[in-house]
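Now for the letters of each chain:
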Amino acid sequence: MEYSLYKKDGAFPCDVTIDVDNNIYTVRDSDTTGQIFQSAPEVASWIKQNWAPDQFEKPDDYYDLVNTLESSLQEDELEI
């Protein structure tokens, strides 16, 4: 899963990548700084702690991302 969201204060998109098959969990912020994580729950936690809907040009994009992450995490729990 890859997502791109645009913050109001940045020229570059915020990119979120969760690739379970290749064990890639990353977030790049609008200032091009990045974070690497060990799991999807870590990505979801970081996003909730560091981003807010009102920071984005389209707050619904933030909500879509968070909802998709939460749905994905719930599905992963059911498979265990």
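Residues numbered from 1 in each chain as written. Predicted model: local features only at pLDDT ≥ 70, side-chain atom pairs only at ≥ 80, totals over all residues. Heavy atoms only, no water.

1. Details of the environment of L65
- Tracing the backbone through its elements, the reader meets L65 in helix α2 (residues 59–79).
- Expressed as a C-alpha distance, the spacing of L65 and M1, which sit 64 residues apart in the sequence, is 10.0 Å. (Helix = DSSP H or I, 4+ residues; strand = E, 2+ residues; numbered from the N terminus.)

2. Let's talk about the side chain of K7
- The topology assignment puts K7 in the loop between β1 (2–5) and β2 (14–19).
- In contact with K7, other than residues within four places in its own chain, are C14, D29, S30, W51, Q55, F56 and E57. (Contact = heavy atoms within 4.5 Å.)

3. Focus on the nonpolar core
- Ranked by size, the top nonpolar core spans 19 residues in total, and within it V16, V43, I47 and W51 carry the most contacts.
- Looking at this core, the elements with two or more residues in it are β2, β3 (24–28), α1 (40–50) and α2. (Core = buried A, V, L, I, M, F, W, Y, C linked by side-chain atoms within 4.5 Å. Buried < 20%, exposed > 50% of the residue type's maximum accessible area, 1.4 Å probe, protein only.)

4. Comments concerning the pattern of salt bridges
- Enumeration according to the criterion identifies three salt bridges in this entry.
- Here K7 and D29 are joined by a salt bridge, their closest N and O atoms 3.0 Å apart. Linking K7 in the loop between β1 and β2 with D29 in the loop between β3 and β4 (34–36), this pair joins segments that are 22 residues apart in sequence. Taken individually, K7 and D29 each receive the classification buried, so the pair is uniform in this respect.
- D15 serves as the salt-bridge partner of R28, at 2.7 Å between the closest nitrogen and oxygen. Here R28 is found in strand β3, whereas its partner D15 is found in strand β2, with 13 residues between them in sequence. (Salt bridge = Lys/Arg side-chain N within 4 Å of Asp/Glu carboxyl O.)

5. Observations concerning unusual backbone geometry
- We note that N23 has phi near 55°; this positive angle belongs to a residue other than glycine.
- By secondary structure assignment, the location of N23 is in the loop between β2 and β3.
- A positive phi is found at T32, a non-glycine position, where the angle reads about 70°.
- Its place among the elements puts T32 in the loop between β3 and β4.

6. Notes on the pairing of β2
- Relative to β2, β1 runs antiparallel, the two being bridged by four bridges. Residue pairing for β2: Y3 is matched across the bridge by V16.
- The pairing of β2 with β3 spans five bridges and is classified as antiparallel. When the bridges of β3 are listed, D15 appears paired with R28.
- The hairpin formed by β2 and β3 contains four residues between the paired strands, and N23 there has a positive phi angle of roughly 55°. (Pairing = 2+ DSSP bridges.)

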